[in-house]
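Letter by letter, the chains look like this.
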Amino acid sequence: MAKTEIFRTFASMKNSKTGLESRVSPDYHGDAPYIRQLPQRIELAEAECLYKGRNNVYRMALPSGRFVAVKEFKALDWFHRFWYTLVEHDKARRSYDNALLLLRRGIATPTPVAWLAERRGRLKTRLYYVSAISDALPIADFITDDDIFDHAATEALAQFVASLHERGVIHRDLNNGNIRWHQDSDGYHFELIDLNRMRFYPEGELPPRRLCLQNLTLFSELSAQFRHFLKCYLSARHWPASMMDEALRIKEKHDRHWKRKKRWKRMCRL
């Protein structure tokens, strides 16, 4: 964000009388007043809690009868209050904007409904991203360390991730909870959630090969299924099978780093 835009943002906040900044999809115009009250309704326990953790996820019915999922990000610390107010777009706004970009590139994600940012004085304090409800399940349901696994689903997943990269998209948190799937008579279908950490390359420009391979390390252990996934991914990208060794080295390096990180966290908690 340029300096002039920072100062303009700061000045507009100074004159603002509201404690909420928001954008609601035109498709939900009739529900917009209700959507802007979601933080208060969550506080009054009017929403069904689907997940409680670092971030919370709720399910709510709108006056139109449509259901939405509301992701409530953890309260911002002082550094991020200033950062997201003056320097960089916040997580909720990035999630909304990235969802629109994904849909334009033909990649499935729950329909973006709104983003909300509560403010205390001039600074953002709490963020909310609102999307349509999806019945898709996390791929963790069929990711396994066993030698017996669903080959068809694994091959479909590889084709999906290959198409993601071929459309210039890198999801920086491509784990087995953020890729969702469902199956119907037409086959397997996948979609992405948790969209605030993404990189979009310009149309026609592809991410570097090594970055693509590094992007495959998060959703599975180094198992027989993962090796089959890699084989299918390389085939879908029309890359030589000899790249399998490089892909496995990248995965092994990631897993070693991850295990050291987990051990260090456990030691710090002692």
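Look a little higher up for the structure.
All figures in this text were calculated on a predicted structure; none of them were measured in a lab.

The rules we used
Residues numbered from 1 in each chain as written. Predicted model: local features only at pLDDT ≥ 70, side-chain atom pairs only at ≥ 80, totals over all residues. Heavy atoms only, no water. Pairing = 2+ DSSP bridges. Helix = DSSP H or I, 4+ residues; strand = E, 2+ residues; numbered from the N terminus. Axes fitted to C-alpha atoms, helices over the stretch in contact; angles between N-to-C directions. Contact = heavy atoms within 4.5 Å. Phe/Tyr/Trp six-rings, centres within 6.5 Å; stacked < 30°, edge-to-face > 60°. Core = buried A, V, L, I, M, F, W, Y, C linked by side-chain atoms within 4.5 Å. Buried < 20%, exposed > 50% of the residue type's maximum accessible area, 1.4 Å probe, protein only.

Draft legend 1. Region of the structure containing the sheet that holds strand β2 (residues 48-51). Taking strand neighbours across the sheet as the criterion, the 6 strands line up as β1-β5-β6-β4-β3-β2 in an open arrangement whose pairing is antiparallel. The open sheet has two free edges, formed respectively by β1 (20-24) and β2, since each of these has just one partner strand. Neighbour-to-neighbour, the strand axes of this sheet turn through a mean angle of 25 degrees, independent of strand direction. Of the pairings in the sheet, the one linking strand β5 (residues 112-120) to strand β6 (residues 123-132) comprises 8 bridges and is antiparallel in character. Its bridge partner being in β6, leucine 116 is matched across the sheet by tyrosine 128. Contacts from helix α5 (residues 91-104) reach β1, β5 and β6 within the one sheet, and its direction differs from that of β5 by about 165 degrees.

Draft legend 2. Summary view of the packing of aromatic side chains. What the rule picks out here adds up to 9 aromatic pairs. Pairing phenylalanine 142 with tryptophan 181 gives two aromatic rings, centres 4.9 Å apart and planes at 85 degrees, and the pair type is edge-to-face. Taken together, the positions of phenylalanine 142 in the loop between β7 (137-138) and α6 (151-166) and tryptophan 181 in strand β9 (residues 179-184) put the pair 39 residues apart, joining distant regions of the chain. Ring pairing ties together the aromatic residues Phe219, Phe226, Phe229, Tyr233 and Trp239, which thus form one cluster.

Draft legend 3. Quick peek at the nonpolar core. Grouped together as the largest cluster of nonpolar side chains are 48 residues, with contacts concentrated most on Leu157, Leu192, Phe229 and Tyr233. Every residue in contact with phenylalanine 229, bar those within four places of it in the chain, is listed here: Thr154, Leu157, Ala158, Val161, Leu216 and Phe219. Membership of the second largest hydrophobic core comes to 20 residues, among which are Val24, Tyr34, Ile35 and Ile42.

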